[in-house]
Amino acid sequence: MNLPQNGAIKPDLRVRLGDVEFKNPVLVASGTFGYGAEANQWCDISELGGVVTKSVSWKPRMGNPPHRIIETASGMLNSIGLANVGVQVFIKEKLPYLARFDTKIIANIAASSVEEYRDVLEHIEANAVPNLAGYEINISCPNVKDGGLSFGTSVERTEELTTLLRASTKRLLIMKLTPNVTSVAPFAQACERAGADAISLINTLVGMSIDIYTREPRLNTVTGGLSGPAIKPIALAQVYQARKACSLPIIGIGGIVTAEDAVEFLIAGASMVQVGTANFVYPDAGIRVAKGLEAYLQKQSIARVSDLVNSLRVKAELKAAGW
Ligand SMILES: Cc1cc2nc3c(=O)[nH]c(=O)nc-3n(C[C@H](O)[C@H](O)[C@H](O)COP(=O)(O)O)c2cc1C
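Quick caveat, the model's predicted, so the values are computed rather than measured.

Peer 1: I'm lost on the overall build of the protein chain in this one. Help?
Peer 2: For the protein chain, the count of helices and strands is 9 helices and 16 strands. In terms of overall dimensions, the protein chain is globule-like: its C-alpha atoms have a radius of gyration of 19 Å, near the 20 Å expected for 323 residues. Principal-axis analysis of the C-alpha atoms places the extent of the protein chain at approximately 55 × 45 × 40 Å. Across the protein chain, contacts joining residues at least 24 apart in sequence account for 72% of those joining residues at least 6 apart. When the accessible area of the protein chain is evaluated, it comes to approximately 14,400 Å², of which 53% is carbon and sulfur surface. Taking the 32 positively charged and 30 negatively charged side chains of the protein chain as two groups, their mean positions are separated by 2 Å.

In structure tokens:
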């Protein structure tokens, strides 16, 4: 549907995933916004579609020793190693803090066994706050030895875990996929078969940086996860491939800094987006993207953000050839 050209009507930014309505399609990505307390000094969190919290595990984790964040010429390399407060503190302090805001919370969970994933989820479920929309399951962290990628790079383990967690919650279940696989398609399809509500992608790409004078790796763990604008083209291609492979809603992540970046993800097939590394530069990056998206829609006379989703124009003969 198109708006009248005078721009008098405000475009509708609302997005629905399952039973949950988000005020706009812009979330902040796990691990890049903490639990909101720091960013709240500079912006109004309630203007975001939602906050995806730092991955939480059963016990608190110190994470990896420094250096665990390195800036490269083309993006950020991190090897945080899932440092987090553990589920007890998360429930006691972090969830109640975020419950004060008029936005949705998505609790991101990391674990090293299926049982740990389930226990953390059920513990949060039993202590849920009204604006807890659901869970994002991190099966894609490249910076830990156990858990993370060992799930996210096996289609069977992805399906098994999704099936198990599906039985533990009626809230949104979002599986966060890795780009560190040959094809994302079978993983998206496994999530769909197992009853996930959505998939989010991408997590970081395995990368490395070397100090040429000491010949030592610049990250303590040798390799880490690359994020930021450098990975946007890769993320877009993966969203497009996942879009073709399954009918689940997709949350696009990877290098989004501006509203125009977000628009590309929506056109490629994402229903929502997450803003990650950009938060380290502008703590209000997600809000800027949401506002810019509204301005873009108004300027283009597009009535609803959902009208953009999966609107990529690919020539029929290319589609038929599998592109
Ligand atoms: C410092 C840092 C910490 C992160 N921690 C997590 C995490 O705990 N859980 C998770 O699922 N993703 C984590 N991520 C990945 C981001 O959520 C996101 O998927 C990735 O950075 C790509 O988006 P971006 O290019 O916009 O940053 C982290 C990323 C960064 C840069």
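There is more to say after this.
Peer 1: It is not clear to me how the site of the ligand should be interpreted in this structure. Could you clarify?
Peer 2: As a matter of local geometry, the ligand sits amid 25 residues, with S30, S55, G228, G255 and T277 nearest to it. Note that a nitrogen atom of the ligand is positioned 2.8 Å from one of the side-chain N or O atoms of S55. Here N138 contributes a side-chain N or O atom positioned 3.2 Å from an oxygen atom of the ligand. Summarising the interface, the protein chains cover 98% of the accessible area of the ligand, which totals 610 Å² for the free molecule. Structurally, the ligand is housed in the largest pocket. Of the residues contributing to the shell around the ligand, the split by class is 8 nonpolar, 15 polar and 2 charged.

Peer 1: Help me understand the layout of surface pockets in this model?
Peer 2: There is about 570 Å³ of room inside the largest pocket. For the lining of the largest pocket, the secondary-structure elements that each account for two or more residues are β6 (75-78) and β16 (272-275). When the residues that make up the lining of the largest pocket are grouped by side-chain class, the tally is 15 nonpolar, 20 polar and 2 charged. Counted as a void, the second largest pocket has a volume near 230 Å³. Looking at the second largest pocket, it is lined by 16 residues, and the ones nearest its centre are G228, P229, T277, A278 and V281. Listed by contribution, the elements that provide at least two residues to the lining of the second largest pocket are β5 (69-72) and β6.

Peer 1: Would you mind showing me how to read helix α5 (residues 185-193) here?
Peer 2: For an α-helix, 3.6 residues make a turn, and residues three or four places apart therefore share a direction. If you check which residues of α5 are buried, you get A185, F187, A188, A190 and C191. Buried residues in α5 make contact with α3 (149-152), α4 (155-166), β9 (172-176), β10 (198-201) and α6 (232-245). Among the residues trailing α5, G195 stands out with phi positive, at a value near 95°.

Peer 1: Is there a simple way to explain the packing of aromatic side chains in this structure?
Peer 2: Aromatic ring pairs: the centre-centre distance and the angle between the two ring planes describe each pair. Scanning the entire structure with this criterion turns up 3 aromatic pairs. Look at Y117 and F151: their rings are 5.2 Å apart centre to centre, the planes differ by 90°, and that puts the pair in the edge-to-face class. Taken together, the residues Y117 in helix α2 (residues 114-126) and F151 in helix α3 connect sequence positions 34 residues apart. Judged by its relative accessible area of 0%, Y117 falls in the buried class. When the ring centre of F151 is taken as reference, the NZ or CZ atom of R157 above it lies at 4.0 Å. Sitting above the plane of the Y282 ring, R288 keeps its charged end 4.0 Å from the centroid.

Peer 1: What is the right way to look at the packing of α6 against helix α7 (residues 259-268) in this model?
Peer 2: Any two packed helices are characterised by the angle at which their axes cross and by the distance between the axes. Taken N-terminus to C-terminus, the directions of α6 and α7 make an angle of 25°; their axes are 9 Å apart at the nearest point. Judged on the interaxial angle alone, α7 and α6 are roughly parallel. Crossing angle aside, the handedness with which α6 passes α7 is right-handed. Between α6, through K232, A235, L236, V239, Y240 and R243, and α7, the contact on the second element is made entirely by D261, E264, F265 and A268.

Peer 1: Help me out: how do you make sense of the sheet that holds β5 in this one?
Peer 2: Hydrogen bonds between backbone atoms are what pair the strands of a sheet, whose relative direction is either parallel or antiparallel. Reading across from one edge, β5-β6-β14-β11 is the order of the 4 strands in this open sheet, with antiparallel pairing throughout. The open sheet terminates on both sides in strands that have one partner only, identified here as β5 and β11 (205-208). The sheet shows a mean angle of 40° between the axes of neighbouring strands, taken without regard to direction. Bridge count between β11 and strand β14 (residues 223-227): 4 bridges; the pairing is antiparallel. Its bridge partner lying in β14, G207 is registered against G224.

Cut-offs and rules
Residues numbered from 1 in each chain as written. Predicted model: local features only at pLDDT ≥ 70, side-chain atom pairs only at ≥ 80, totals over all residues. Heavy atoms only, no water. Helix = DSSP H or I, 4+ residues; strand = E, 2+ residues; numbered from the N terminus. Rg over C-alpha atoms; globule rule 2.2 N^0.38 Å. Contact = heavy atoms within 4.5 Å. Areas by Shrake-Rupley, 256 points an atom, 1.4 Å probe, with all protein chains shown as cover. Lys, Arg positive; Asp, Glu negative; His and termini not counted. Charge placed at Lys NZ, Arg CZ, Asp CG, Glu CD. Near = heavy atom within 4 Å. Polar contact = N/O pair within 3.5 Å; in protein donor to acceptor, adjacent residues only side chain to side chain. 1 Å grid on protein atoms, 1.4 Å probe; cavity = no way out; pocket = protein on both sides within 12 Å on 5 of 7 lines; lining within 4 Å. Sits in = over half its atoms within 2 Å of the grid points. Nonpolar A, V, L, I, M, F, W, Y, C, P; charged D, E, K, R; others polar. Points joined across faces, edges and corners; volume = space filled by probe spheres on them. Buried < 20%, exposed > 50% of the residue type's maximum accessible area, 1.4 Å probe, protein only. Phe/Tyr/Trp six-rings, centres within 6.5 Å; stacked < 30°, edge-to-face > 60°. Lys NZ or Arg CZ within 6 Å of the ring centre and 35° of its normal. Axes fitted to C-alpha atoms, helices over the stretch in contact; angles between N-to-C directions. Parallel < 35°, antiparallel > 145°, perpendicular 65-115°, else oblique. Left-handed = near helix turned anticlockwise from the far one by under 90°. Pairing = 2+ DSSP bridges.

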